[in-house]
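As a plain string of letters, each chain reads:
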Amino acid sequence: MGSSISFKRLLMFSAVMLVLIASCSEEPKEKTPIQTLPPESKLTLKPRPAFDADSAYAFIEKQVRFGPRVPNTKEHTRCASWLEKKLKSYGATVIIQKAQLTAYNGQELSAVNIMGQINPNASKRILLCAHWDSRPYADRDSKERMKPIDGANDGASGVGVLLEVLRAIHLDSIDPDLGVDIVFFDAEDYGKPEGSMLGNSGDSWCLGSKYWAKNLPIKDYKPEFGILLDMVGAADAVFPKEGVSLYYAPQIVDKVWKIAGALGHENYFRSFKGNEITDDHRYLNEIAKIPTIDIIHYDMGRFDFGEFHHTHADNMDVIDKSTLQVVGDVVLQVLYQE
Ligand code: AHN
Ligand code: ZN
């Protein structure tokens, strides 16, 4: 039938036209795209309270203004009272542990470890810690090497971040079944000066945490894990997966670095293994058997702990609010992810 033939022709015509149009198109022919879905993120980030880096910075500044926090000085005693008062003001139950410790040179040190507990009766607990004393020497400096340093990064930065973490929890709220313990260790930085003839310096550091680990101030104290912050305030800080942490608490390193990555901070929390560093966490692991990691600035390619480390340049000028923000956000996220 005539109409059927013309219909077939129309169909044929249309098909030819379509092929022509398609082949004339200027668009380059695209291959079927390979499915490149983003890697499945195993982490759903839960809400966390805000960390105020200005406030953390002010807490660091306050410590530095006391003067060097060297055991047996009035600056040290005054700062200890302030820390105790701050912990209480943010709702923590405070436990003060005093100890007479002997330094590498025979000097007796009146030391004080300061602990604050949130939800003290909760059985599941997380420990956060930092050293609050500052180094009595500037043994890496070229001048005034026997004078004490400000210790803005080395000491005050970890404490400042933790005080702000506590303030953030206090202003917000936290699961009443999760206990948070903050411990400020004393006499971490009274280690043998560089070049000292007094033999191996390895165990002359961390006197306060060693004492604390041997004399836990709470019966059957067994937190799930601990996080130590040391030197967490410098610009462009590099936090490798520190060696002692990887040895004793690899699963905690993994947890914390995954969370940091999910927050987009892999430029600070690097994925490579760092050196093994003798720091307070070593003794929490070895003596108290608390799996504890160390978030510590250590840049192997660039002045390890920083050009200013154990010099008079470790002052407020090296403190960078962006780094404080990153570390504070990661620590808070770890707590609220539990
Ligand atoms: C040593 O250099 C052996 N330990 C580094 C721990 C440290 C010093 N943290 C702060 N100051
Ligand atoms: Zn130090």
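The present account deals with the structure reproduced in this document. (Residues numbered from 1 in each chain as written. Chains lettered and ligands numbered in written order. Predicted model: local features only at pLDDT ≥ 70, side-chain atom pairs only at ≥ 80, totals over all residues. Heavy atoms only, no water.)

Examining the overall build of the protein chain
Right, so step 1: A count of helical and extended segments in the protein chain gives nine helices and eight strands.
Right, so step 2: Looking at the protein chain residue by residue over its 338 residues, the buried ones come to 53%.
Right, so step 3: Long-range pairs, those at least 24 residues apart, make up 80% of the contacts in the protein chain between residues at least 6 apart in sequence.
Right, so step 4: Just so you have it, the protein chain exposes about 16500 Å², and 54% of that area is on carbon and sulfur atoms. (Helix = DSSP H or I, 4+ residues; strand = E, 2+ residues; numbered from the N terminus. Buried < 20%, exposed > 50% of the residue type's maximum accessible area, 1.4 Å probe, protein only. Contact = heavy atoms within 4.5 Å. Areas by Shrake-Rupley, 256 points an atom, 1.4 Å probe, with all protein chains shown as cover.)

Comments concerning the side chain of R135
Right, so step 1: If you trace the backbone, R135 turns up in the loop between β3 (124-131) and α4 (152-171).
Right, so step 2: Residue R135 is classed as buried on the basis of its relative accessible area, which comes to 0%.
Right, so step 3: In terms of polar contacts, R135 uses its side chain to reach the backbone carbonyl oxygen of G191, at 2.9 Å.
Right, so step 4: If near-sequence neighbours (up to four positions away) are discounted, R135 is found in contact with V70, P148, I149, D189, Y190, G191, K192, P193, W205 and H310. (Polar contact = N/O pair within 3.5 Å; in protein donor to acceptor, adjacent residues only side chain to side chain.)

Some thoughts on the packing of helix α2 (residues 53-66) against helix α9 (residues 321-337)
A packed helix pair is summarised by two numbers, namely the angle formed by the two axes and the spacing between the axes.
Right, so step 1: Where α2 contacts α9, the two axes come as close as 9 Å, and the packing angle between them is 110 degrees. Taken together, the axis directions place α2 and α9 in an arrangement best described as roughly perpendicular. Contact residues: α2 offers A53, D54, A56, Y57 and I60, while α9 offers K321, L324 and Q325. (Axes fitted to C-alpha atoms, helices over the stretch in contact; angles between N-to-C directions. Parallel < 35°, antiparallel > 145°, perpendicular 65-115°, else oblique.)

Things to note about the sheet that holds strand β5 (residues 225-230)
Strands belonging to one sheet form pairs held by backbone hydrogen bonds; the direction of such a pair is parallel or antiparallel.
Right, so step 1: Strand order in the open sheet made by the six strands is β1-β2-β4-β3-β5-β8, with mixed pairing throughout. Of all the strands in the sheet, just β1 (93-102) and β8 (292-296) have a single pairing partner and so form its edges. Neighbour to neighbour, the strand axes of the sheet diverge by 20 degrees on average, direction disregarded.
Right, so step 2: As paired elements, β1 and strand β2 (residues 108-118) share ten bridges and run antiparallel to each other. Note on β2: the bridge partner recorded for Q100 is S110.
Right, so step 3: The strands touched by helix α7 (residues 250-262) within the sheet are β5 and β8, with β8 carrying the most contacts at an inclination of about 45 degrees.
Right, so step 4: This element, α9, spans β3, β4 (178-185) and β5 of the sheet and lies at about 175 degrees to β5. (Pairing = 2+ DSSP bridges.)

A word on the site of ligand 1
Right, so step 1: Taken together, H131, D154, E188, D189, W205, D230, M231, I277, T278, F305, H309 and H310 make up all the residues around ligand 1.
Right, so step 2: Within the side chain of E188, a nitrogen or oxygen atom sits 3.0 Å from a nitrogen atom of ligand 1.
Right, so step 3: With respect to ligand 1, the side chain of H310 contributes an N or O atom lying 3.5 Å from a nitrogen atom.
Right, so step 4: In isolation ligand 1 offers 310 Å² of accessible surface; the protein chains occlude 85% of this area. (Near = heavy atom within 4 Å.)

Here's the deal with the packing of aromatic side chains
In this description, a pair of aromatic rings is defined by centroid distance and the angle of the planes.
Right, so step 1: Counted according to the given criterion, the structure contains ten aromatic pairs.
Right, so step 2: Aromatic rings pair up to connect F59, F66, W82 and Y90 into one cluster.
Right, so step 3: In this structure, K210 is placed above the aromatic ring of Y283, and the distance from its NZ or CZ to the ring centre is 4.8 Å.
Right, so step 4: The ring of Y57 carries the charged tip of K321 above its face, separated from the ring centre by 4.8 Å. (Phe/Tyr/Trp six-rings, centres within 6.5 Å; stacked < 30°, edge-to-face > 60°. Lys NZ or Arg CZ within 6 Å of the ring centre and 35° of its normal.)

Thoughts on α7
Right, so step 1: With 13 residues, α7 should reach 18 Å at 1.5 Å per residue; the first-to-last C-alpha distance of 18 Å fits that figure.
Right, so step 2: Residues I252, V253, V256, W257, I259 and A260 constitute the buried set of α7. For α7, the buried positions fall inside an angular range of 155 degrees around the axis, keeping them on one side.
Right, so step 3: Residues of α7 that are buried sit in contact with β5, β6 (239-241), α6 (243-248), β7 (269-273), β8 and α9.
Right, so step 4: Positive phi shows up at G264, right after α7, with a value of about 85 degrees. (Expected span 1.5 Å × (residues − 1). Arc of directions from axis to C-beta.)

A few points about the pattern of salt bridges
Right, so step 1: Here the structure, examined in full by the defined rule, presents 18 salt bridges.
Right, so step 2: Two residues, E338 and K124, come together in a salt bridge whose shortest N-O distance is 3.0 Å. Pair noted here: E338 is in the segment after α9 and K124 is in strand β3, with a separation of 214 residues, a long-range link.
Right, so step 3: According to the relative accessible area criterion, E338 is partly exposed, its value standing at 29%.
Right, so step 4: Its relative accessible area of 28% is what places K124 among the partly exposed residues.
Right, so step 5: Among the ionic contacts, a cluster of salt bridges with common partners joins D52, E164 and R167. (Salt bridge = Lys/Arg side-chain N within 4 Å of Asp/Glu carboxyl O.)

A few points about the packing of α2 against α4
Right, so step 1: It is at 8 Å that the axes of α2 and α4 come closest, and there the two elements cross at 135 degrees. The angle between α2 and α4 falls in the class oblique. Crossing of α2 over α4 shows right-handed handedness. On the side of α2, the interface is formed by S55, A56, F59, I60, Q63 and V64, while α4 contributes A152, A156, S157, V159, G160, V161, L163, E164 and R167. (Left-handed = near helix turned anticlockwise from the far one by under 90°.)

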